[in-house]
Amino acid sequence: MTDDTNRAAEVLKDHRASIDRLDAILVYTLGERFKHTQAVGRLKAEHALPPSDPTREATQIARLTNLADQADLDPEFAKKFLNFIIQEVIHHHEQHQS
Ligand SMILES: O=C(O)C(=O)C[C@]1(C(=O)O)C=C[C@@H](O)C=C1
């Protein structure tokens with residue numbers, strides 16, 4: 001291996017260590033988010049509230065799109081990601097109600 005390749009391997013290792021830490025943050029963050037949405041699901045089931053709230057979702061999407069812009073994250077990706085999570089939450093809410 002050349003010095004250049006060794007340096008590249010070190011840089012790659014450092015990036016991967018950061019990526020692993022950030023992935024852990026994502027998983028813990030999602031875990032916390034789902035704890036709250038599970039509580040919301042129980043509340044909605046107890047009070048016969050609909051599983052989804054499109055008005056709230058529109059507000060969340062607008063906010064996240066704006067944040068994504070500021071964070072140099074593709075807003076379309078942020079939107080898809082939030083929608084993906086919300087669909088899962090709605091599915092959980094529906095299970096609470098059945
Ligand atoms: O805020 C709510 O009413 C929720 O049920 C939570 C949540 C979300 O995951 O953020 C999920 C479904 C709704 O359509 C809107 C938002």
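Residues numbered from 1 in each chain as written. Predicted model: local features only at pLDDT ≥ 70, side-chain atom pairs only at ≥ 80, totals over all residues. Heavy atoms only, no water.

In the annotation of an unreviewed UniProt entry, the entry for the chain reads chorismate mutase, and the organism field reads Loktanella salsilacus.

**Brief notes about the site of the ligand**
Put simply, the test is: Here a residue is considered near a molecule or strand provided that any single heavy atom belonging to it is located within 4 Å of it. Distance and chemistry together define a polar contact, namely a pair of N or O atoms within 3.5 Å, with one atom able to donate a hydrogen and the other to accept it when in protein, and with adjacent residues in sequence counting only for side-chain atoms on both sides. Reported accessibility uses the Shrake-Rupley method at a 1.4 Å probe radius. Residues are deemed covered only where the shown protein chains occlude them. Helix and strand assignments come from DSSP, with helices taken as H or I runs of at least 4 residues and strands as E runs of at least 2, each series counted from the N terminus. Ten residues, namely Ala, Val, Leu, Ile, Met, Phe, Trp, Tyr, Cys and Pro, are considered nonpolar, four, namely Asp, Glu, Lys and Arg, are considered charged, and the remaining ones, Gly among them, are considered polar.
As a matter of local geometry, the ligand sits amid 14 residues, with Lys 44, Asp 53, Glu 57, Gln 60 and His 93 nearest to it. Here Glu 57 contributes a side-chain N or O atom positioned 2.4 Å from an oxygen atom of the ligand. Coverage of the ligand by the protein amounts to 89% of the 360 Å² it exposes when considered alone. Only helix 1 (3-46), helix 2 (54-70) and helix 3 (75-97) provide two or more residues apiece to the shell around the ligand. Classifying every residue of the shell around the ligand by side-chain character gives 5 nonpolar, 4 polar and 5 charged.

**Overview of a nonpolar patch on the surface**
Where we set the bar: Each patch is built from salt-bridge-free residues with over 30% relative accessible area, joining like charges within 9 Å and nonpolar side chains (Val, Leu, Ile, Met, Phe, Trp, Tyr) within 5 Å. When a carboxyl oxygen of Asp or Glu lies within 4 Å of a side-chain nitrogen of Lys or Arg, that pair is called a salt bridge. Partly exposed describes any residue whose relative accessible area lies between the buried limit of under 20% and the exposed limit of over 50%, with all areas from a 1.4 Å probe on protein chains only and scaled to the type maximum.
A contiguous nonpolar patch, built from Leu 73, Phe 77 and Phe 81 and spanning about 270 Å² of accessible area, is present on the exposed surface. Turning to its location among the elements, Phe 81 is positioned in helix 3. For Phe 81, a relative accessible area of 37% gives the class partly exposed.

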